[in-house]
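Residues per chain are reported as follows:
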2 protein chains.
Amino acid sequence: MRIELVFLGKTKEKYLAAGIEDFVKRLSRYTRLEIKTIRDTRQHRKFSENQVKENEGRDLLAAVNSSFLVCLDRTGKQIDSDGLAGQIRQWEMQGRKSICFLIGGPLGFAPAVLQQADLVLSLSRLTFTHEMTRLLLLEQLYRAYTINAGEKYHK
Amino acid sequence: MRIELVFLGKTKEKYLAAGIEDFVKRLSRYTRLEIKTIRDTRQHRKFSENQVKENEGRDLLAAVNSSFLVCLDRTGKQIDSDGLAGQIRQWEMQGRKSICFLIGGPLGFAPAVLQQADLVLSLSRLTFTHEMTRLLLLEQLYRAYTINAGEKYHK
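A closer look at the interface of chain B and chain A
- Between chain B and chain A, the residue contacts involve 21 residues of the former and 22 residues of the latter.
- Counting residues per element, the ones that place at least two in the side of chain B that touches chain A are helix H1 (14–27) and helix H5 (130–148) of chain B.

In structure tokens form, the structure reads like this:
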């Protein structure tokens, strides 16, 4: 099963980019991981916040190339690490070809994106930057695959 | 109000150490932050997991120099970022001199440590490495202080 991530803009914070790169490498042992980075359009100050969210949402949805869409949002369903591992096993058993995970921009998701989501997950009730959320998601995906492989988590 | 963190062992992962250093610098604008790093004794393989946890717990508690102790544990009380900011304001209004935050080792806390805690907080239902938890905690403390200062969060 392919895992697809769509990122809104490059990861600017260097230490986060380094951590993300590390987990991308490690995850490649377990799954086909594709990261698509689309243009961050926030710089267009002529748009209102809602317009930016709508534009971002349209761009994100246009980039998705999976039939199952998971949005990460603070208000979503909370699961623990074993729960995420179980969810991945379930998708695999269902024969899903790919799963796409979306992380919203700093303003969150437009309603249209959340309406399209098959599942809305929350990593935490806390607010993290969307760049840090990338690292957290990749770490949890890696943890889930090591759990499913019955392997020790290698730090 | 002084914020005290006790870390069990140095942060080995370089990108996490870089992120932690970044937030330590930023937090210094808002509060007196003290990080005490105590020796990680896990290498003593002659001890059982419970003995390691007990030893770690004893070392952690011995290092605490605050009258209010917060333990970060996956099973603790979940709060959102505004909640943490409000909690810090409340401690300040109560005239507390310092708050100590403890992060457990990979095995979690010994019962004796949790019994000593004035508050057990959970950053997430997910399991993160204790090194990543350091970064998450510092990021949330920084976010809390910017919220309380009515400032924009600077990434």
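Some remarks on the sheet that holds strand E1 (residues 2–8) of chain A
All names here are of chain A.
- Read across the sheet, five strands follow the order E2-E1-E4-E3-E5 without closing on themselves; strand pairing throughout is parallel. Two strands in the sheet have a free side with no partner beyond their single neighbour: strand E2 (32–38) and strand E5 (119–122). Within the sheet, the average angular offset between the axes of one strand and its neighbour, ignoring direction, is 35°.
- Two strands pair when backbone bridges link them, and strand E3 (residues 69–78) and E5 are joined in this way by five bridges, in the parallel orientation. Among the inter-strand pairings, leucine 72 is bridged to a residue of E5, identified as leucine 121.
- The sheet contacts of helix H5 (residues 130–148) involve E1, E3 and strand E4 (98–103), and relative to E4 the element is tilted by about 150°.

Side note on the relation of the copies chain B and chain A
- With an RMSD of 0.0 Å, chain B superimposes on chain A once it is rotated by 180° and translated 0.0 Å along the axis. Those values place the two copies in the arrangement expected of a two-fold rotation axis.
- Interface overlap between copies is the fraction of interface residues in one copy that are interface residues in the other; for chain B against chain A it reaches 100%, indicating a shared surface.

Some details on the pairing of strand E3 (residues 68–78) of chain B
All names here are of chain B.
- As defined by bridge partners, E3 adjoins strand E4 (residues 98–103) across five bridges and the pair is classed as parallel. Within E4, the position partnered with phenylalanine 68 by the bridge is isoleucine 99.
- Once the chain exits E3 it traverses helix H3 (residues 81–93) before rejoining the sheet at E4, and the crossover so formed is right-handed.
- Note that E3 and strand E5 (residues 119–122) share five bridges and pair parallel. By the bridge assignment for E5, valine 70 is matched with leucine 119.

With respect to the sheet that holds strand E1 (residues 2–8) of chain B
Residues and elements named next belong to chain B.
- Here we have five strands laid out as an open sheet, ordered E2-E1-E4-E3-E5, and parallel in their pairing. Two strands close off the open sheet at either side, each with one partner strand: strand E2 (32–38) and E5. Mean inter-strand twist for the sheet, computed between neighbouring axes without regard to direction, equals 30°.
- Running over the sheet, H5 touches E1, E3 and E4 and is turned about 150° from E4.

A few points about the nonpolar core
- Ranked by size, the top nonpolar core spans 74 residues in total, and within it Phe101, Leu102 and Leu137 of chain A together with Phe101, Leu102 and Leu137 of chain B carry the most contacts.
- Beyond its immediate stretch of four places on either side in the chain, phenylalanine 101 of chain A contacts Leu5, Val70, Leu72 and Leu137 of chain A.

What about helix H2 (residues 49–63) of chain B?
All names here are of chain B.
- Counted at 1.5 Å a residue, the expected span for H2 with its 15 residues is 21 Å, and the 21 Å between its end C-alpha atoms agrees.
- Listed in full, the buried residues belonging to H2 are Val52, Lys53, Glu56, Gly57 and Leu60. Along the axis of H2, the buried positions cluster into a sector of 135°, meaning they face one direction only.
- The inward-facing, buried residues of H2 contact E1, E2, E4 and helix H4 (111–116).

Quick notes on the confidence of the model for chain A
- Of the residues in chain A, 96% reach a pLDDT of 70 or more, and the chain-wide mean stands at 93.
- This prediction of the complex comes with two scores: 0.93 for pTM and 0.91 for ipTM.

What counts and what doesn't
- What you see as residue numbers is a count from 1 along each chain, following the sequence as written.
- Think of it this way: whatever chain is written first is A, whatever ligand is written first is 1, and the rest follow in order.
- Only residues with pLDDT of at least 70 are given local features in this predicted model, and only at 80 or more are side-chain atom pairs given and counted; all residues enter the totals for whole chains, interfaces and linings.
- We call two residues in contact when the distance between their C-beta atoms, placed using the backbone, is within 7 Å.
- Here a strand is any run of E in DSSP of at least two residues, a helix any run of H or I of at least four, and the numbering for each starts at the N terminus.
- Two strands are said to pair when DSSP picks up at least two bridges between them.
- Lines fitted to C-alpha atoms define the axes, with helix axes restricted to the stretch in contact, and inter-axis angles between N-to-C directions lie between 0 and 180 degrees.
- In superposing the copies, a least-squares fit is computed on C-alpha atoms, taking residues whose pLDDT is at least 70 in both.
- Handedness of a crossover is defined as follows: with both strands directed away from the viewer, a clockwise route from the first strand across the helix to the second makes it right-handed.
- In plain words, the nonpolar core is the set of buried Ala, Val, Leu, Ile, Met, Phe, Trp, Tyr and Cys residues that C-beta atoms within 7 Å link up.
- To assign burial, the other C-beta atoms lying within 10 Å of each residue's own C-beta are counted, with C-beta atoms placed from the backbone; 20 or more indicates buried, 12 or fewer indicates exposed, and intermediate counts indicate partly exposed.
- Multiplying 1.5 Å by the helix residue count minus one yields the expected span of that helix.
- Each C-beta atom gives one direction from the helix axis, and the arc is the one those directions make.
- pLDDT expresses, on a scale from 0 to 100, how confident the predictor is about each individual residue.

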